[in-house]
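Notes for the structure review
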Amino acid sequence: MNDMRKLPAFNRREVLAGATGITLGAAFGAPVMAQGSRTLRVRFGSDISQLDPARIFQNENQSIASHIYNGLVQYDQRTNAIVPDLATSYEVSADGTVWTFKLRPNVTWHKNYGAFTSDDVKFSFERVLDPATGSLYRGQLAGLKEIQTPDPLTVRLVLDSANSGFLHKLCAFNQGWIVSRRAVTEIGERYSMNPIGTGPFMFDRWTAGSEVRLVANPSYFGGASTLTDVIFRIVRDETAAAIALENGELDIFYALQSPDVIDRLRRAQNITLLDRPANNTANLVLNTTMGPLRDVRVRRAMAHALNRKALIDGFFRGTKFEANSVLTSTFQELSEEGVPRYAYDPDRARALLREANVSNFRFEITTVGLNPFDRFPVPLANDLQQVGIQATVRVLERGAYVQARSSGNVQSCITAVVGPPDPDSPLVTLYHTRSHPPGLNTSRYDSADALLAEAARAPDLPGRKAVYNRLLRQTMDDLPVIPLYADRLFLAHGPTVQGFVQNSLFTVNVSPVSLRGA
């Protein structure tokens, strides 16, 4: 540890003035709770199910968790820049394998679970890495071989090789969220729905099928929210949610999907509609170990058979973007030069199936029973039927869907790859062998590990961009995953909402929000 390269310490003023929900006046002074009730009401389209970061899945769960937990660092909601959270500064060794973080002092866990220390960081990451935990994100921390805690406010992360994008893995999202060793140990199996964090809001209650309530943390290190509580209400029907927003019964409408409702709220008085490209693609994942799907010609035939432009222009009425790979324009490392594309060409699809000597192929698309994922696969199945593939759609409730996908025994599945602006995140999830079932590499693709490791070793952005381009060329040639569209995140809010920032992670975080006139 003699040869350390000191990186610039986090700039406290920039962070506090940024879109992180922390105000300069209240940042490190004595927190003051707002007088009277200031309740923010947010629409969810689906219920939650799991708030343990090691096992978390689904953007509603992740949205709740983003208010409860912190990471060592976090993404600025507006710019995606990596900014401080539980760490105040860090150093990286000259060979890029040792990352040393200095932690924020005087941070406490919710509900009297004591002081936050480096031991909690060690526990959190080791828990994700432990195969017994069954974490979906174990592959994201691949290469982390040792966690040292020289003192309560210092944590040292030792990698088996340099990884220039490693800081992304530590951001406050999924495996990056830090949990309390004491809380997880004492609460035990009930922890998944009784979370303890250090964040601006504390978990209060969950009424299954109805709502989730969070209350402001008066001891939050960034200063207490001006809100007293946040109610996340489950309103499945989008038209009903739009009416509630227009009538002032909701303040924020999260995850708009219906083109009709988007158009309605765009024209509504006193409603603000926000629209931002998301770090998210929707994809058809093909199990490359099953039957005819082993043959790349069959997979390419399916890509040519799908009229994805008609899906975007017709079904979604232009509220989505075309996708040429599993990365979107929100990733600064994206380069699609030379990446194969598959135009809608049913004749070419039929010819490839003949070359592969495939006929009477029965193919099942497994999807989740949530709008729009329970509906848009139907036109895809119709497209496949037109070229002779006997395609059907199986719709499962969310728990059964996650179980079926992680089993690895489905022919295919529809998945939205939602996450941070770190290209390694969706690429590891979809293509790395460490993400094979029970992970989320349902295609069981096994040819990306070397390129993913090379991208991690690249010393800078141009180097990573070049390697990721090679990886996209390869995976779009092998085609274990067919990109269907790139997502746009639509949200709407009422006239009393102030300070809301829409992120690109496909989550909703209301930490910066205050209510006008409350």
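Here the residue numbering is sequential within each chain, running from 1 through the sequence in written order. For this predicted model, a pLDDT threshold of at least 70 governs which residues receive local features, and a threshold of 80 or more governs which side-chain atom pairs are given and counted, while totals over whole chains, interfaces and linings are taken from all residues. No hydrogens and no water enter the side-chain calculation; it runs on all heavy atoms of the structure.

1. Digging into helix α2 (residues 59–68)
Here's how the labels work: a residue is buried when its accessible area is under 20% of the maximum for its type, exposed when over 50%, partly exposed in between, all with a 1.4 Å probe on protein chains only. Each helix is a run of DSSP H or I of at least 4 residues and each strand a run of E of at least 2, with the numbering of both proceeding from the N terminus. In terms of burial, α2 is largely enclosed, as 10 of its 10 residues are buried. By the burial criterion, the buried members of α2 are N59, E60, N61, Q62, S63, I64, A65, S66, H67 and I68. Contacts are assigned to residue pairs with any non-hydrogen atoms lying within 4.5 Å of each other. Against β2 (39–44), β9 (201–207), β10 (211–216), β11 (229–234), β12 (252–256) and α12 (398–407) lie the buried residues of α2.

2. Things to note about the packing of aromatic side chains
Note on ring pairs: Phe, Tyr and Trp rings are taken, using the six-membered ring of Trp, and paired if centres are within 6.5 Å. Classes follow the plane angle, with under 30 degrees stacked, over 60 edge-to-face and the rest tilted. According to the stated counting rule, one finds 16 aromatic pairs in the structure shown. Centroid distance F315 to F316: 4.9 Å. Interplanar angle 80°. Geometry classified as edge-to-face. For F315, a relative accessible area of 26% corresponds to the partly exposed category. Among the residues examined, F316 registers a relative accessible area of 1% and is labelled buried. Grouped by ring-pair contacts, the aromatic residues F315, F316, F373, F376 and Y485 constitute a single cluster.

3. Considerations on the environment of E322
As for its placement among the helices and strands, E322 is situated in the loop between α9 (308–315) and α10 (346–355). For E322, a relative accessible area of 52% corresponds to the exposed category. Between the alpha carbons of E322 and P483 there is a distance of 8.8 Å; along the sequence they are 161 residues apart. When neighbours within four sequence positions are excluded, E322 is seen to be in contact with K309, I312 and A486.

4. Structural notes on the packing of helix α8 (residues 296–305) against α10
In this description, a line fitted to the C-alpha atoms serves as the axis of each element, helices being fitted only across the stretch in contact, and the angle between N-to-C directions of two axes falls anywhere from 0 to 180 degrees. Put simply, α8 and α10 touch, their axes get as near as 8 Å, and they point 165° apart. The pairing of α8 with α10 is recorded here as roughly antiparallel in orientation. For the pair α8 and α10, the sense of crossing is left-handed. Contacts from R297, V298, R300, A301, H304 and A305 in α8 reach P346, R348, A349, L352, L353 and E355 in α10. Its residues assigned to classes, the contact of α8 with α10 comprises 7 nonpolar, 1 polar and 4 charged. Between 65 and 115 degrees an angle is taken as roughly perpendicular, under 35 as roughly parallel, over 145 as roughly antiparallel, and anywhere else as oblique. Put simply, a crossing is left-handed when the front helix is turned counterclockwise from the back one by less than a right angle, and right-handed when it is turned clockwise. We call Asp, Glu, Lys and Arg charged. Ala, Val, Leu, Ile, Met, Phe, Trp, Tyr, Cys and Pro are nonpolar, and the rest, Gly among them, are polar.

5. Concerning the nonpolar core
Counting 78 residues, the largest nonpolar core has L40, F101, F125 and L157 as its most contacted members. It is helix α3 (residues 118–129) that contributes the most residues to this core, 4 residues altogether. Once residues lying within four places of it in the same chain are set aside, the contact partners of F125 are L72, L141, L144, I147, L157, L170, Q175, G176 and I178. In this description, a nonpolar core means a group of buried Ala, Val, Leu, Ile, Met, Phe, Trp, Tyr and Cys residues linked to one another through side-chain atoms lying within 4.5 Å. One finds A301, Y401, I414 and L484 within the second-largest nonpolar core, a separate group that totals 64 residues.

6. Regarding the pattern of salt bridges
Basic side-chain nitrogens of Lys or Arg form a salt bridge, by our definition, when they fall within 4 Å of a carboxyl oxygen of Asp or Glu. Under the criterion given, the structure shown has 27 salt bridges. Note that K309 and D313 form a salt bridge whose closest N and O atoms lie 2.5 Å from each other. Here the residue K309 and the residue D313 both occupy positions in helix α9, the gap between them amounting to 4 residues, near one helical turn. A relative accessible area of 42% means that D313 is categorised as partly exposed. Ionic pairing is found between D487 and K320, a salt bridge with its closest N-O pair at 2.6 Å. You can see D487 sitting in strand β17 (residues 481–493) and its partner K320 sitting in the loop between α9 and α10, a full 167 residues away along the chain. Residue K320 is classed as buried on the basis of its relative accessible area of 5%. Several salt bridges share partner residues, and in doing so they unite D204, R205, E211, R213 and D229 into one network.

7. Some remarks on helix α15 (residues 461–478)
By this rule the span expected of a helix is its residue count minus one, scaled by 1.5 Å. For α15, spanning 18 residues, the distance from its first C-alpha to its last is 25 Å, which sits close to the expected 26 Å at 1.5 Å a residue. Among the residues of α15, R464, V467, Y468, N469, L471, L472, T475 and M476 are the ones counted as buried. The inward-facing, buried residues of α15 contact α13 (424–431), α14 (449–457) and β17. Between N or O atoms, a polar contact is any pair within 3.5 Å; within protein, one atom must be a potential hydrogen donor and the other a potential acceptor, and residues adjacent in sequence are included only when both atoms are from side chains. If you check the start of α15, you find a side-chain oxygen 2.9 Å away from the backbone N of G463, and it comes from D460. The positive-phi residue at the C-terminal boundary of α15 is L479, with phi of around 60°.

8. Section: the packing of α14 against α15
Relative to each other, α14 and α15 sit at 165°, their axes nearing to 8 Å. What the angle tells us is that α14 and α15 run roughly antiparallel. The way α14 lies across α15 gives a crossing that is left-handed. Facing α14, whose interface residues are L451, L452, E454 and A455, α15 presents R464, V467, Y468, R470, L471 and Q474.

9. Here we look at unusual backbone geometry
In terms of backbone geometry, most residues other than glycine have negative phi values and most peptide bonds are trans. Each neighbour pair has its own omega, and for N371 with P372 the value is 5°, a cis peptide bond. Its place among the elements puts P372 in the loop between β14 (361–368) and α11 (377–386). Here P437 and P438 are connected by a cis peptide whose omega angle stands at 15°. Here P438 shows up in the loop between α13 and α14. The phi angle at L479 is positive, at roughly 60°, despite the residue not being glycine. A residue is classified by how much of its surface remains accessible, and L479, at 1% relative accessible area, is buried. Not every positive phi belongs to a glycine, and F506 is a case in point at roughly 65°. In this fold, F506 is placed in the loop between β18 (497–498) and β19 (514–515).

Nothing here speaks to function; it is all geometry.
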